[in-house]
Amino acid sequence: MIHKIGKRTFNSQSSMTQAMNPPRVELKPLPYEIGDLEPVISGHQMEFHYGKHHRTYVNNLNNLQEQAAQALAKGDINKYVMLANGIKFNGGGHLNHEFFWETLAPIKSGGGALPDQGQDLRTLIDNEWGSIEKFQEYFNTHTASLQGSGWGWLVYNKGSKLLEYRQTRNQDMPSDLNNDYAPLLTIDIWEHAYYLDYKNLRPTFLKEMWKVIDWQKVSERLEQAKKE
Ligand code: MN3
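Residues numbered from 1 in each chain as written. Predicted model: local features only at pLDDT ≥ 70, side-chain atom pairs only at ≥ 80, totals over all residues. Heavy atoms only, no water.

1. What about the pairing of strand 4 (residues 162-169)?
Next up, step 1: Pairing analysis gives eight bridges linking strand 3 (residues 150-157) to strand 4, with the strands arranged antiparallel. Bridge assignment links Tyr156 to a residue of strand 4, and that residue is Leu163.
Next up, step 2: As consecutive antiparallel partners, strand 3 and strand 4 are separated by four residues, and within that stretch Lys161 has a phi angle of approximately 60°, a positive value. (Pairing = 2+ DSSP bridges. Helix = DSSP H or I, 4+ residues; strand = E, 2+ residues; numbered from the N terminus.)

2. Describing the pattern of salt bridges
Oppositely charged side chains can form a pair if their charged atoms are brought close together.
Next up, step 1: Within this structure, the stated rule accounts for 10 salt bridges.
Next up, step 2: A salt bridge links Glu102 to Lys28; the shortest N-O distance between them is 3.0 Å. Here Lys28 lies in the loop between helix 1 (15-19) and helix 2 (43-73) and Glu102 lies in the loop between helix 4 (84-101) and helix 5 (120-129), a separation of 74 residues in the sequence.
Next up, step 3: In this structure, Lys158 engages Glu228 in a salt bridge whose closest nitrogen and oxygen atoms are separated by 3.3 Å. You can see Lys158 sitting in the loop between strand 3 and strand 4 and its partner Glu228 sitting in the segment after helix 10 (215-227), a full 70 residues away along the chain.
Next up, step 4: Among the residues examined, Lys158 registers a relative accessible area of 26% and is labelled partly exposed.
Next up, step 5: The exposure class assigned to Glu228 is exposed, which follows from its relative accessible area of 57%. (Salt bridge = Lys/Arg side-chain N within 4 Å of Asp/Glu carboxyl O. Buried < 20%, exposed > 50% of the residue type's maximum accessible area, 1.4 Å probe, protein only.)

3. Notes on helix 10
Since there are 3.6 residues in each turn of an α-helix, residues three or four apart along the chain are aligned in direction.
Next up, step 1: For helix 10, built from 13 residues, the straight-helix expectation of 18 Å at 1.5 Å per residue is met to within 8% by its first-to-last C-alpha distance of 19 Å.
Next up, step 2: Buried within helix 10 are the following residues: Trp215, Val218, Ser219, Arg221, Leu222 and Ala225. All buried residues of helix 10 fall inside an arc of 160° around its axis, so they share one side.
Next up, step 3: In this structure, the buried residues of helix 10 make contact with helix 4, helix 5, helix 6 (132-144), strand 3, strand 4 and strand 5 (181-188). (Expected span 1.5 Å × (residues − 1). Arc of directions from axis to C-beta. Contact = heavy atoms within 4.5 Å.)

4. Some points on the coordination of the manganese ion
Next up, step 1: Protein coordination at the manganese ion: the donors are His49 (NE2), His97 (NE2), Asp188 (OD) and His192 (NE2), at 1.9 to 2.2 Å from the metal.
Next up, step 2: One chain supplies every donor for the manganese ion, spaced along it as H-x47-H-x90-D-x3-H. Of this pair, His97 sits in helix 4 while His192 sits in the loop between strand 5 and helix 8 (195-198), and the two are 95 residues apart along the sequence.
Next up, step 3: Among the residues examined, His192 registers a relative accessible area of 14% and is labelled buried. (Donors = N, O, S within 2.8 Å, 3.2 Å for Na, K, Ca; no water.)

Nothing here speaks to function; it is all geometry.
Okay, here's the thing in structure tokens:
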């Protein structure tokens with residue numbers, strides 16, 4: 001029997017053929033035009049960050065998945081396990097960036113507009129940090145001081161039902177720290193995220209980024225996480 005997955009055709013009778021053609025990860029289009037986050041992030045910066053860096057994670061992940069499928073099909077478990085670190089790094093890189101782009105919105109589309117008083121998100125932030133401004137200061141100070149490359153996160157702890165601030169290194173995700181963490185908001189603090197626009201001024205980049213945070217999206221993620 002012949003099945004079609006995307007443009008590929010394979011025969012389900014042959015597990016070998018199927019294993020060697022794992023579904024490919026796609027670089028999703030941005031939810032806005034590439035220059036729409038200006039003046040906070042330039043189109044030029046986005047062409048590199050989204051168009052080159054994110055695309056490279058996607059390409060690497062697809063190549064590694066293909067190699068892993070081939071190793072499995074050949075029964076080469078050694079090779080398969082050796083590929084795991086690369087899959088974790090590039091897979092995290094892909095998922096973190098996809099999540100990051102969807103955390104942002106152009107100013108003209110509501111980027112930076114704070115959640116209303118009385119909204120759950122606002123109440124939880126106020127309870128934890130005193131005010132949204134104090135949360136932003138806390139987030140900026142701690143994220144700016146992260147050594148090397150990584151990410152700053154606002155997460156919802158499904159166990160305690162409270163919000164927490166966390167950092168991850170390289171391309172690690174909040175779920176690597178705790179299975180109860182549902183990510184709500186992130187800012188990429190790799191140098192490639194800001195260097196073309198802000199050079200060495202990491203704290204200025206962080207301060208500016210709040211103008212393009214999509215709080216509506218953050219709020220929706222919180223409501224979703226509370227149901228899980
Ligand atoms: Mn990045």
